[in-house]
Amino acid sequence: MKKIGIIGLGMLGNAITLHLLDSGFEVTVYNRTKEKALHVKAKGAYVAESPKEVSEKSELVIIVVKNAEAVKQVSFGQNGIIEGNHEKLIVADMSTIEPSESKNISKKFQEHNIIKLDIPVMGGPNVAITGDLVMMVSGKKESFDHCEKVLNTIASKIFFLGESGVAHSMKLAMNLQITMLALALSESITFVKKLNADPKKFLEILNSTYFKTGMSENKAYKMIEGKYDTTFTLANLKKDISTITNTANSLGVKLPMISKAEEIYENAVKAGFGEIDYTGIIEYLKKINE
Ligand SMILES: NC(=O)c1ccc[n+]([C@@H]2O[C@H](COP(=O)([O-])OP(=O)(O)OC[C@H]3O[C@@H](n4cnc5c(N)ncnc54)[C@H](OP(=O)(O)O)[C@@H]3O)[C@@H](O)[C@H]2O)c1
């Protein structure tokens, strides 16, 4: 498998495209907003006019767009992926969406004799650029085996999880963790500062214990300084939190913490913090404590 299509050149899709080009793949890309394709075009990607053209030119098409609506748009809308169907085509969706939507989208692809894999990931553009994402995969095992070499280029660790939808369920559980960690660090740093204690010392102590995380060892220092290299926007995490609460509600599962987090993230977006990194939720705490 040499010919790969990428639909969606946001922060994540852009980094994955650059890494695939670096790794010797032929990459055809499409992005709704055309200007965003110029950077990867300069690095050797072919820029298609439509998702249809991407699927016509690719053996594996990876979708990495905002939400389920966007996935459906590029898949089944005008000049969508299904219109470029051919014998060798496999589709893989990396967007973070509802597990139920993921299953429905797989079914709809199947009606057009196209196999769709779910391939949500952990890690952002900073690790995608070196092929070090952590990937969760569900769908047809033989199709996964067929694309494994490409997926191994994108991710350094892959978990095959079985039938369609499961990978997106796991991904939502992962983003629940991310949400809580960002909030826990934000509240502790805010609290320590108010007590006139040193927040860097707080992190040094935390990071000497069993309770340390990658976030407390890295992004937390930027949270103290209020300097953000945005890898995943606060608005996109809010989108995922709502996906988690909607999914929980549809199952009748009560998850009080993530429901509260949804309210906090929603207020932060309304207060104008949507486009900074999700760890910038600490800026919203600063604002409400002014
Ligand atoms: N960044 C991360 O660290 C990360 C990690 C894991 C998973 N994810 C997930 O990966 C997906 C992309 O994330 P990102 O960070 O790259 O987001 P982003 O920078 O906000 O980019 C969003 C992408 O979706 C496209 N899009 C939005 N609505 C669309 C529509 N209706 N039709 C067609 N395209 C549409 C955008 O196109 P335009 O340019 O035209 O707006 C853009 O290419 C999201 O589902 C996110 O939750 C992100």
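What counts and what doesn't
- Residues numbered from 1 in each chain as written.
- Predicted model: local features only at pLDDT ≥ 70, side-chain atom pairs only at ≥ 80, totals over all residues.
- Domains from an automatic or database assignment.
- Contact = placed C-beta atoms within 7 Å.
- Helix = DSSP H or I, 4+ residues; strand = E, 2+ residues; numbered from the N terminus.
- Pairing = 2+ DSSP bridges.
- Near = placed C-beta within 6 Å.
- Nonpolar A, V, L, I, M, F, W, Y, C, P; charged D, E, K, R; others polar.
- Buried ≥ 20, exposed ≤ 12 C-beta atoms within 10 Å, placed from the backbone.
- Arc of directions from axis to C-beta.
- Right-handed = clockwise from strand over helix to strand, strands pointing away.
- Axes fitted to C-alpha atoms, helices over the stretch in contact; angles between N-to-C directions.
- Parallel < 35°, antiparallel > 145°, perpendicular 65-115°, else oblique.
- Left-handed = near helix turned anticlockwise from the far one by under 90°.

Considerations on the domain arrangement of the protein
Domains assigned within the protein are domain 1 (3–163) and domain 2 (168–288). Between domain 1 and domain 2, the C-alpha centre-to-centre distance is 28 Å. Between domain 1 and domain 2, the residue contacts involve 16 residues of the former and 13 residues of the latter. Elements represented by at least two residues in the side of domain 1 that touches domain 2 include exactly α5 (99–111) and α6 (125–128).

Side note on the sheet that holds strand β9 (residues 155–160)
Either a parallel or an antiparallel arrangement is found when strands of a sheet pair, and the pairing is made through backbone hydrogen bonds. As summarised here, the arrangement of the three strands in space is β7-β8-β9, forming an open sheet in which the pairing is mixed. Either end of the sheet is taken by a strand with one partner, and the two such strands are β7 (121–122) and β9. Alignment of β7 against strand β8 (residues 133–137), held across two bridges, turns out to be antiparallel. Looking at the pairing, V121 lines up with M135 of β8.

Comments concerning the site of the ligand
In the neighbourhood of the ligand, 27 residues make up the surrounding shell, with G10, R32, T33, A70 and G124 lying closest. Broken down by secondary-structure element, the contributors of at least two residues to the shell around the ligand are α1 (11–22), α4 (68–76) and α12 (234–251). Among the elements that make up the shell around the ligand, the one with the highest residue count is α4 (four residues). Its residues assigned to classes, the shell around the ligand comprises ten nonpolar, twelve polar and five charged.

Some thoughts on the sheet that holds strand β4 (residues 60–63)
Read across the sheet, six strands follow the order β3-β2-β1-β4-β5-β6 without closing on themselves; strand pairing throughout is parallel. Sheet topology places β3 (46–47) and β6 (115–118) at the edges, where each strand pairs with a single neighbour.

Here we look at helix α14 (residues 281–288)
All of the buried residues in α14 are I281, I282 and Y284. Seen end-on, α14 carries its buried residues on one side only, within an arc spanning 155 degrees.

Some details on the environment of E204
With respect to the element layout, E204 can be found in helix α9 (residues 199–206). Sequence separation of E204 and S216 is twelve residues, and the distance between their C-alpha atoms is 9.1 Å.

As for the environment of Y46
Topologically, Y46 is positioned in strand β3. Considered as a pair, Y46 and V27 are 19 residues apart in the sequence and their alpha carbons are 6.3 Å apart.

Brief notes about the pairing of β9
Pairing analysis gives five bridges linking β8 to β9, with the strands arranged parallel. If you follow L133 over to β9, its bridge partner there is A155. This β-α-β element, β8 to helix α7 (residues 141–154) to β9, shows right-handed connectivity.

Remarks on the packing of helix α8 (residues 166–194) against α12
Helices that pack against each other are described as a pair by the angle of their axes relative to one another and the distance between those axes. α12 packs onto α8 with a crossing angle of 125 degrees between their chain directions and a minimal axis gap of 10 Å. With respect to α12, the axis of α8 lies oblique. In this structure, α8 crosses over α12, and the sense of that crossing is left-handed. Contacts from L172, N175, L176, I178 and T179 in α8 reach L237, D240, I241, T243, I244 and T247 in α12.

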